[in-house]
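# Structural description and commentary
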Amino acid sequence: MVSLPIVQYEEKIIETVERNPVVVVIGETGSGKSTQLSQMLHRRGYGKIAITQPRRVAAVSVAR
């Protein structure tokens, strides 16, 4: 299995989430934000996890 770039930041991300009520993770396309971040948080016991997809939001807004 290929390790995605976000994996190397797992500990830093978890520390940041534990210290802040809201965290926004920004990274390049294909870095693993959508697929790996939710799994990292789930493994640490977080129950409700929201992942947004801004391109879809922008597309829907433009369409309206």
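Here is what the cut-offs are and how they apply
- Numbering of residues starts from 1 in every chain and runs along the sequence as written.
- The predicted nature of this model means local features are confined to residues of pLDDT at least 70 and side-chain atom pairs, given and counted, to a pLDDT of 80 or more, with totals for whole chains, interfaces and linings taken over all residues.
- Hydrogen atoms and water are omitted, and side-chain values are computed over all heavy atoms in the structure.
- Each residue carries a pLDDT value, the predictor's own confidence for that position, ranging from 0 to 100.
- The way it works is that DSSP assigns letters per residue, a run of H or I at least four long becomes a helix, a run of E at least two long becomes a strand, and they are numbered from the N terminus.
- Cavities and pockets were defined on a 1 Å grid built over protein atoms only: a cavity is a set of grid points that admits a 1.4 Å probe from which the probe cannot escape, a pocket is an open set flanked by protein on both sides within 12 Å along at least five of seven lines, and lining residues are those with an atom within 4 Å of any such point.
- Grid points are joined across faces, edges and corners, and a volume is the space filled by probe spheres set on the points.
- We call a set of buried Ala, Val, Leu, Ile, Met, Phe, Trp, Tyr and Cys residues a nonpolar core when their side-chain atoms join them within 4.5 Å.
- Burial status follows relative accessibility: with a 1.4 Å probe on protein chains alone, a residue under 20% of its type maximum counts as buried, one over 50% as exposed, and anything between as partly exposed.
- Residue contacts are defined here by distance: any two heavy atoms, one from each residue, within 4.5 Å place the two residues in contact.
- Every angle, taken between N-to-C directions, lies between 0 and 180 degrees, and every axis is a line fitted to C-alpha atoms, over only the stretch in contact when it is a helix.
- Crossings are sorted by hand: turned counterclockwise from the far helix by less than a right angle, the near helix makes the crossing left-handed, and turned clockwise it makes it right-handed.
- Charged residues are taken to be Asp, Glu, Lys and Arg, nonpolar residues to be Ala, Val, Leu, Ile, Met, Phe, Trp, Tyr, Cys and Pro, and polar residues to be all remaining types, Gly included.
- By definition here, a salt bridge exists when the distance from a side-chain nitrogen of Lys or Arg to a carboxyl oxygen of Asp or Glu is within 4 Å.

## Structural notes on the confidence of the model for the protein chain
Caution applies to low-pLDDT regions: their predicted coordinates should not be interpreted in detail. Looking at the protein chain as a whole, the pLDDT averages 85, with 84% of positions reaching at least 70. The spread of mean pLDDT over the elements of the protein chain runs between helix H3 (residues 54-63), the lowest at 66, and helix H1 (residues 10-19), the highest at 96.

## Section: the layout of surface pockets
In this structure, the largest pocket encloses a volume near 760 Å³. Along the walls of the largest pocket sit 28 residues, with Val25, Leu37, Ala50, Ile51 and Thr52 positioned nearest its centre. Those elements giving two or more residues to the lining of the largest pocket turn out to be helix H2 (33-43) and H3. Per element, the largest residue contribution to the lining of the largest pocket is 5 residues, and it comes from H2. Taken together, 13 residues line the second largest pocket, and the ones lying closest to its centre are Ile6, Tyr9, Ile13, Val25 and Ile26.

## Focus on the nonpolar core
Listed in full, the 7 residues of the largest apolar core are Ile6, Ile13, Ile14, Val17, Leu37, Met40 and Leu41. Counting only elements with at least two residues in this core, the list comes to H1 and H2. Setting aside its immediate chain neighbours within four residues, Ile14 contacts Met40, Leu41 and Arg44.

## A closer look at the side chain of Glu10
Here Glu10 shows up in helix H1. The contact partners of Glu10, leaving out residues within four places of it in the chain, are Met40, Arg43 and Arg44.

## Concerning the packing of H1 against H2
As a packed pair, H1 and H2 sit with axes 11 Å apart at the nearest point and diverge in direction by 65°. For the crossing formed where H1 meets H2, the hand is right-handed. On the side of H1, the interface is formed by Glu10, Ile13, Ile14 and Val17, while H2 contributes Leu37, Met40, Leu41 and Arg43. Along the lines of polarity and charge, the residues of the contact of H1 with H2 split into 6 nonpolar, no polar and 2 charged.

## What about the pattern of salt bridges?
What the rule picks out here adds up to 4 salt bridges. A salt bridge links Glu10 to Arg43, with the shortest nitrogen-to-oxygen separation between them at 3.3 Å. Taken as a pair, Glu10 in helix H1 and Arg43 in helix H2 lie far apart in primary sequence, 33 residues in all. Classification of Glu10 as buried rests on a relative accessible area of 16%. Via salt bridges that share partners, Glu10, Glu11, Arg43 and Arg44 belong to a single interconnected network.

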